[in-house]
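Letter by letter, the chains look like this.
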Amino acid sequence: MKKFAALLLALVVSNPALARDEFKVAWSIYAGWMPWGFMADEGIIDKWADKYDIKIEIVQINDYIESINQYTFGDFDACVMTNMDALTIPAASGVDSTALIVGSFSNGNDGIVLKGADSLDAIKGQNINMVELSVSHYLLARGLETVGMTERDVRVVNTSDADLVAVASNPSVTAVATWNPLLNEILSLPDTYSVFDSSMIPGEIIDLLVANTETIEAYPAFAKALTGAWYETMSMMVDGAATAETARTAMATAAGTDLEGYNAQLAVTEMFYNPADAIAFMSGPSSLETMQRVAEFSFEHALLGDGAPSAEFIGIEAPAGVYGDPNNIKLRFNPTFTQMAVDGEL
């Protein structure tokens, strides 16, 4: 299969008539990813695509995990996802993927909620509803470590993110882990308490736009257009920009909240509005250390693919080096196009 894909790619490169000029990107509702819907609605992505004589369709998918599955199956050329999900779904499935844009990290936007108790210690013996084996599961494991517990002390109930708010409203449900905007909706219910959130593990839940590596290598114009559109949108919503209120209000409406609510979500999201900040974060040693921790969690939960012998089975490449098997690199943090944004070369 790989030989066939390589042959097809060689044919496309050698024969311009076979070259693609249309691409698809999937996104789902989350504070740090609302700019993708905004840039589609406002024509920003079209402007950048036109610059490179291509077309890019931005598609909203209501089920987050399903969007990643569709990317993994090849239905999309790029998709928003967290660092852990990038490793455990496409990379673990053998799809060589690149973190094209490191947009933010969760700094309180993911959390664990209990009813009737304001301390994580009280979770012992409870059922906890969440998207199993997602970053919420990782957050749970990290939280339990802080109170001397393990996952054996709770029972995880797998629940789609599309159903979590409705499920949390049930009096029999006493513990939930999720992300915003769902998190804030659940915390608005009576007698609910945030007992652990991602601000306690800053920089570990990273919000990415992940693209198929072969696609962006064959069609760098696609990567350039996405990166250019992203940072133009960042410049419109950054604090102090004349367009910030208008842009954020549009994103808030699309997220089902108001400007105040969306600003509250952004307050617990460490957005990299400046591409230089994204490169500094991506290039530091802590990012690779985080990916090692994520890989170890993923291996313990059998998420690295059938037959993975260790947490180092999948190679993860970043500016600081490689964690895992250098001969099986399937997840790459590549600052090339972000650096072009810094240098004004897009």
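Participant: Describe the environment of Lys115, and please don't skip the residues or the numbers.
Facilitator: Here Lys115 lies in strand E5 (residues 110-115). Lys115 sits 223 residues away from Thr338 along the chain, and the two C-alpha atoms are 43 Å apart. The residues touching Lys115, leaving out its near neighbours within four places in the chain, are Ala168, Ser169, Asn170, Pro171, Val173, Thr174, Asp191 and Thr192.

Participant: Give a detailed account of the confidence of the model for the protein, specifying residues and quantitative values.
Facilitator: Where the model shows low pLDDT, its predicted coordinates should not be examined in detail. Chain-level statistics for the protein give a pLDDT mean of 92 and a share of 95% at 70 or above. Taken as a whole, residues 1-17 scores under 50 in pLDDT and shows 7 contacts with residues more than four places along the chain or in a different chain.

Participant: Got a sec to walk through the nonpolar core? Specific residues and values, please.
Facilitator: Trp36, Ile56, Leu87, Ile112, Ile123, Phe222 and Phe333 are the most contacted members of the largest nonpolar core, which has 118 residues in total. With 9 residues, helix H10 (residues 220-237) is the single largest residue contributor to this core. In this view, Ile56 contacts Phe23, Val25, Ile45, Asp46, Ala49, Phe222, Ala225 and Leu226; residues no more than four positions away in its chain are not counted.

Participant: Run through the packing of aromatic side chains, naming residues and quoting values.
Facilitator: Tallying each qualifying case throughout the model produces 10 aromatic pairs. Centroid distance Tyr64 to Trp179: 5.6 Å. Interplanar angle 70°. Geometry classified as edge-to-face. Placement of the pair is Tyr64 in helix H4 (residues 64-73) and Trp179 in strand E8 (residues 175-179), with a sequence separation of 115 residues. Comparing Tyr64 with Trp179, the two get one shared label, buried.

Reading guide: rules and limits
Throughout this description, residue numbers start from 1 for each chain and increase along the sequence as written. Reporting of local features is limited, given that this is a predicted model, to residues whose pLDDT is at least 70; pairs of side-chain atoms are given and counted only at 80 or more, and all residues count toward the totals for whole chains, interfaces and linings. Side-chain figures throughout are based on the complete set of non-hydrogen atoms in the structure, without hydrogens or water. Secondary structure counts use DSSP, requiring at least four H or I residues in a row for a helix and at least two E residues in a row for a strand, with both numbered from the N terminus. Note on definitions: a residue-residue contact is assigned when non-hydrogen atoms from the two residues lie within 4.5 Å. pLDDT runs from 0 to 100 and stands for how confident the predictor is about each residue. Residue types Ala, Val, Leu, Ile, Met, Phe, Trp, Tyr and Cys, when buried and joined through side-chain atoms within 4.5 Å, form a set referred to as a nonpolar core. Here's how the labels work: a residue is buried when its accessible area is under 20% of the maximum for its type, exposed when over 50%, partly exposed in between, all with a 1.4 Å probe on protein chains only. Centres within 6.5 Å make a pair out of two Phe, Tyr or Trp rings, where for Trp the six-membered ring is used; the pair is then stacked when the planes are under 30 degrees apart, edge-to-face when over 60, and tilted otherwise.

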